[in-house]
Amino acid sequence: MLRLAGAVLLAAGPALIGFHAASRLARRPRLLRELIAALEQMEREISFRLTPLPELFLRLSGEYSGPVGVLFACCARSMDDLGQRSLSQIWRQALNEASLDLEGRGRRALEELGEVLGRYDGEGLLGALRQACGELTAAAEEAERERERKGRMDQVLGLTAGALLVILLI
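Per-chain numbering applies: the sequence of each chain, read as written, is numbered from 1 onward. Residue-level local features of this predicted model are given only where pLDDT is at least 70; pairs of side-chain atoms are given and counted only at 80 or more, and the full residue set underlies all totals for whole chains, interfaces and linings. In computing side-chain properties, one takes all heavy atoms of the structure into account and sets aside hydrogens as well as water.

A.B. asks: I'd like to hear about the overall build of the protein chain, residue by residue, with values.
C.D. replies: Secondary structure is summarised from DSSP: a helix means a run of H or I of at least four residues, a strand means a run of E of at least two, and numbering begins at the N terminus for each. Scanning the protein chain for helices and strands turns up six helices and zero strands. The linear arrangement of helices and strands in the protein chain, starting from the amino end, is α-α-α-α-α-α. Radius of gyration means the value over C-alpha atoms here, while the globule rule gives 2.2 Å times the residue count to the 0.38 power. The globule rule puts the C-alpha radius of gyration for 170 residues at 15 Å, and the 21 Å found for the protein chain is more than 25% above it. Principal-axis analysis of the C-alpha atoms gives the protein chain an extent of 70 × 30 × 25 Å.

A.B. asks: Please set out helix α2 (residues 53-63) residue by residue, giving values where relevant.
C.D. replies: Whether a residue is buried, partly exposed or exposed follows from its accessible area with a 1.4 Å probe, protein chains only, as a fraction of its type maximum: under 20%, in between, or over 50%, in that order. Those residues of α2 that fall on the buried side of the exposure criterion are Leu-53, Leu-56, Phe-57, Leu-60 and Ser-61. One face of α2 carries all of its buried residues, which in axial projection span an arc of 135°. Exposed positions of α2 whose direction lies more than 90 degrees from the buried face are Leu-58 and Gly-62. Contacts are assigned to residue pairs that have any heavy atoms within 4.5 Å of one another. Looking at the buried side of α2, the elements it contacts are α1 (2-49), α3 (66-78) and α4 (87-97). In this context, the arc is that of the directions from the helix axis out to the C-beta atoms.

A.B. asks: Summarise the side chain of Thr-51; cite the residues concerned and give the values.
C.D. replies: As for its placement among the helices and strands, Thr-51 is situated in the loop between α1 and α2. Among the residues examined, Thr-51 registers a relative accessible area of 8% and is labelled buried. Within the structure, Thr-51 has its side chain in polar contact with the side chain of Glu-45 (distance 2.8 Å). If sequence neighbours within four positions are ignored, Thr-51 has contacts with Glu-45, Ile-46, Leu-56 and Arg-59. Each polar contact in these results corresponds to two N or O atoms within 3.5 Å; when the atoms are within protein, one needs to be able to donate a hydrogen and the other to accept it, and residues that are neighboring in sequence are counted only if both atoms are side-chain atoms.

As structure tokens, this is what we get:
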């Protein structure tokens, strides 16, 4: 009985690692889509209501949860430092604090957007928001393809590694 319990625990470890890796791959497209929705809302607020960025960051931090909400909450919280630091520095710090788990194209698009925030007029900012949304959409499609390709493989590899360990040690 003790041997069976050990075998189950031994098989469960790698299986959980595989399922966790697949879960991480599934989380990235959702996060990117949520970021796209937030940036589109930002674009509408700036375009139609001329909402100031501090107020907009505060509003978005309340409407979004998880890392996206944290991103805007960090920006809203740091707006008091605006005279001492630039808006791009505040945005970059918020990107690091929000732990968005982005890489490559998506991360680069958000960093480039931060360079534009507070530096240009409304039209320049709207153009940057549209460009960032386009890049994030492409990154979301890429992440979805990666999830489909690698997600199942991670699960199967975890289960297989666990089974192999059990076979080797029994």
